[in-house]
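# A look at the structure
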Amino acid sequence: MIERDFFINTVRLVDIEGATNIPTVLYYQKDGPPLFGHLALSEEKARFLINEDFKIDLGNIDPTSTKPKEKFITASGEKKSAIQLSSDFMNVVFGYTKEWFQDNNVSQPKNIIIAEPLSLQSDLASPEWLTFYRNNIKRILSGQRYGFESISFLPEPFAVFQYYRYGHKHPILSQRAKHNALVIDFGGGTFDVCIIETTKEGDIRIGGKHSRPLAASSVAIGGFYINRKIAEHLIQKYSTTSIPNKKFKSAIKTYWDWRKDYIDWEVIAPNVKEFIKNFHSLVREVENAKITLCKLINNWDLNCRLSESVPISIRSDPFDSNSEVVNGLIKATELQNIFINNVWKPHLQPNIRRTLSRGKSEIQQGKVSVALLSGGSANIGWLRNLIKENFDEDLTNVEIFPLPNFQEVVSQGLSLECARRYFTEDKKGDFSNITYNRICLIMNPDGYGYNTRPFKNKSPNLPQVNDMPGVLLPSASILHKLIDKPIKWKVKLPRRPSKKLEYRFLRSSLDPDDTENILNIVNYVAYTPPNAKFDAEIQIELTVKENGTAYPKFIYKTGPYDSVIDYVEGIPFPIDLTYSQESVPSGYIGFDFGTSNSSISFVDDSAIQVYSKRSKDEGFRELNDLVELLPFPLARHLATYLSQTDNEKLVNEAREFVEISFALASYISYLEYCSCEKNITSKIFKGLTQRSAGPLWYFLTQCIEKMPASAYISKNFKEFLTDENSDILDTLVTELTKHKHGKISASEINTVRPIQIIANISYKVFSEIYFGYFEQVQKQKFSKEYTGRFWKAHGRSPFINAFQYSGSYPFSDDEPVLLDYKEGKVMPLQPLIFWDVCTKHSDVYEGHCFFYDKYEKKSNSYSYKAAGYKCTCNVSEKNQYREIAKQLNALNQIDCAIEIIKVGSFSKISLS
């Protein structure tokens, strides 16, 4: 079996337009194909006309219905349905994915697993939401365009569990003990909760088939819903035009009716259309402001006094797009109030309670032992504390464990599930064709009244339910051997249904009035055929299709050899069943089709073989351990290097890692040299021609050789020049240069040992000195002191280690620094490195970390490259980077002295 902690850093995510996390948005140009993802968001004019949040609507559309489905206005003026929007989004995404596979010499897998929400229980979703959603997805992805031989689905919380269990090396789940894990996935569009029970004794990392999903529940409440509630509050707070409460509530109701397809766009009054457009635009602005505000909050304690706020602009009259813009604020106190009173109490809390209540009757041993928190909206830290406070009795001594990187958890979990399917005999993985709620049945014969009766299994391979009155199938019933085969039970009713039989198939409930859990919501009466005869016990028959649709039949009388004489068929209905088509896999694509962001991962048999071999290689294992410890620029490139299975790509990524490592080491060494020298006359920087392996290695050796004994930040970089290390690195630089110019093949280069040397020496430097940046440093009222936050940018983003700063120096957000935490000293890294937002990737919160590349003599400017991205920028005295250009011009004349600053105090911030 692949070691979890190795495989998770080698999971390959498809890079689209320089990023693996793709915003689920579209912008329809009047001419040309639609823009998507980062490209759509980078269009300034797209701000008001972007199409987003269409995932939930996809499950509200019956694909077989002839009713017109178009309802969403696009920038091109054409109206599109959620099916068309989803199809267009997937078309462009998978078009880029196909190119990515070709560029990386990978055969595109023919099998796809798609993450899906659990069965939604909300007024925003239809009763058949999951069936409609799956059927629409299958229709979009079927056919020759995509070439998939099998299309399967995995609930998002199950993918989260796989990530924690096999990928993240969760400290509690690593113990050799049985666990009941409460999984809470809070994303952009849904809030999913379920319990996963591990029945394997001992080390749970080994077990596959014995993980059971229980008591799943989901509501269509996520980050977008929160944004809309914030937008409602802001309009009421900042509108300078007096808006009658009745008018405002009516407009909001019209917006929601339009969202749920209860009203057609054409019949909406013109001023209300303006309101909807402005409201839509404001919601998009709120998303960015909300993320910023959450990053600023230091203490998520429910009783903490909050002072944080972020600016936001809104229309003074939301019913008039030409009204003036008002500059407002979103305050942390307002966000807390909205989250608790509009989101937590009415929606999230009942959903968790529902799952825990169902789980009590289904968990075989003990209580919940660990809670796993995931999803982008889980960054709102009050969620964790509210769970602790409101469910203390159910979660006594239970750790609620959040992940640092929520964005790609589901996608990587999908990859892990894909990989698991290679290590089980039937290639079914852990969650294939499994029910994730009890399927219950109560019946009312001839108005006698609903009652619960014990069912007796009549078909083989069914779990025993004799001691569970009203239950046909317990949670976690494995049905893949029973798909498309009639399965039967016997039951004795209190009286014969001579006229009719009312029946309710329910999701983990025995209450006939529990409408949100009734599965056969469309029809629940079976009329008895004339002159029907009855056996002493009637038979219940279900035929379950692979897509989760169940076809019921009530058999009243049978003859010889169990032949059916009198019966009545019920209307098909969906059950909560994971979906997986039969296939002999050679590889899988994992598609996390998210409400706000999407991502694509993949595994294939050749990759599995390579990863399996490397997991036993001490060199690769050691590098894997360093991914989350090195500064972000190094960590991102090292993870990419580890993910390569093609030797040519491996060497190319080795070169990228070497260049970024040498760049960081040489820039730091050079700047510290400049801080130590009093009267500098040297011109070392002028000799750096460009940021490639050869020139950087030469520049680094020069800086180290000139380093005075008083230097302490760069002292460990001197290990690069020991006799053994220097020979190895010299050879690597020479070979990488020859390979770059086609003079030797990739097979002639051994990259592992030299990269080990570079990574380990770098780790020594950065184990005590932190690479990072400051945020929101502001002068305090009536004081000369500045306060703000320092982010330790180690590992892959988003970063989780923050420090409260208090001192006399006003750092800016764009300035990367090295922090000596113990001494309270800071060494600025500008002008050689800076942070800035890229218009193409505006949703990357911390922006890009740009590294100096080379001097462009013709234009008298300087080029920079972003660490981990393909983005570049140009620095000159004629653009916004003029101050950096002035500093570089000075350095090109003579090396200039810099100062390591003694700044003040730092204290660790708890973000949980």
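Below: a short report on this structure. Everything numeric in this text was worked out from a predicted model, so none of it was measured.

Another aspect to go through is the nonpolar core. With 142 residues, the main nonpolar core has Phe94, Leu141, Phe339, Trp382 and Leu383 as its most contacted residues. Looking at this core, the element that brings in the most residues is helix α9 (residues 270-296), giving 11 residues. If we ignore the near neighbours within four places in the chain, the residues touching Leu383 are Phe186, Phe191, Phe339, Trp344, Leu348, Leu373 and Ala378. In terms of nonpolar packing, the next biggest core, distinct from the first, is built from 93 residues, Leu664, Leu671, Leu688 and Leu736 among them.

With 5 of its 7 residues buried, strand β31 (residues 801-807) lies for the most part within the structure. Inspection of the sheet shows strand β30 (residues 786-792) paired to β31 by 7 bridges, in the antiparallel sense. By the bridge assignment, Tyr786 is partnered in β31 with Gly807.

It is worth spelling out the sheet that holds strand β35 (residues 848-856) at this point. The pairing of strands in a sheet happens through backbone hydrogen bonds and is either parallel or antiparallel. Taken together, 4 strands build an open sheet; the order of strands is β34-β35-β36-β37 and the sheet is antiparallel. Each having just a single partner strand, β34 (833-836) and β37 (872-875) make up the two edges of the open sheet. Strand-to-strand, the axes of this sheet are offset by a mean angle of 35°, without reference to chain direction. When β34 meets β35, the two strands line up antiparallel, connected through 4 bridges.

We now examine the side chain of Glu672. Summarising the element assignment, Glu672 is placed in helix α16 (residues 647-676). In this structure, Glu672 is buried with no salt-bridge partner, the nearest side chain bearing the opposite charge being Lys718 at 8.6 Å. Within the local environment of Glu672, its side chain forms a polar contact with the backbone nitrogen of Tyr712, the two atoms lying 2.9 Å apart. For Glu672, the side chain forms a polar contact with the main-chain nitrogen of Ile713, separated by 3.0 Å. Every residue in contact with Glu672, bar those within four places of it in the chain, is listed here: Met707, Ala711, Tyr712, Ile713, Ser714 and Met827.

On to the packing of helix α10 (residues 332-360) against helix α11 (residues 382-390), then. Packing of α10 against α11 brings their axes to within 11 Å, and their N-to-C directions diverge by 50°. One element, α10, and the other, α11, form an angle in the oblique class. Here the hand of the crossing between α10 and α11 comes out right-handed. Contacts between α10 and α11 involve Ala332, Leu335, Gln336, Phe339, Ile340, Trp344, Leu348, Gln349 and Ile352 on the former and, on the latter, Trp382, Leu383, Leu386, Ile387 and Asn390.

Criteria and cut-off values
- Residues numbered from 1 in each chain as written.
- Predicted model: local features only at pLDDT ≥ 70, side-chain atom pairs only at ≥ 80, totals over all residues.
- Heavy atoms only, no water.
- Core = buried A, V, L, I, M, F, W, Y, C linked by side-chain atoms within 4.5 Å.
- Buried < 20%, exposed > 50% of the residue type's maximum accessible area, 1.4 Å probe, protein only.
- Helix = DSSP H or I, 4+ residues; strand = E, 2+ residues; numbered from the N terminus.
- Contact = heavy atoms within 4.5 Å.
- Pairing = 2+ DSSP bridges.
- Axes fitted to C-alpha atoms, helices over the stretch in contact; angles between N-to-C directions.
- Lys, Arg positive; Asp, Glu negative; His and termini not counted.
- Salt bridge = Lys/Arg side-chain N within 4 Å of Asp/Glu carboxyl O.
- Polar contact = N/O pair within 3.5 Å; in protein donor to acceptor, adjacent residues only side chain to side chain.
- Parallel < 35°, antiparallel > 145°, perpendicular 65-115°, else oblique.
- Left-handed = near helix turned anticlockwise from the far one by under 90°.

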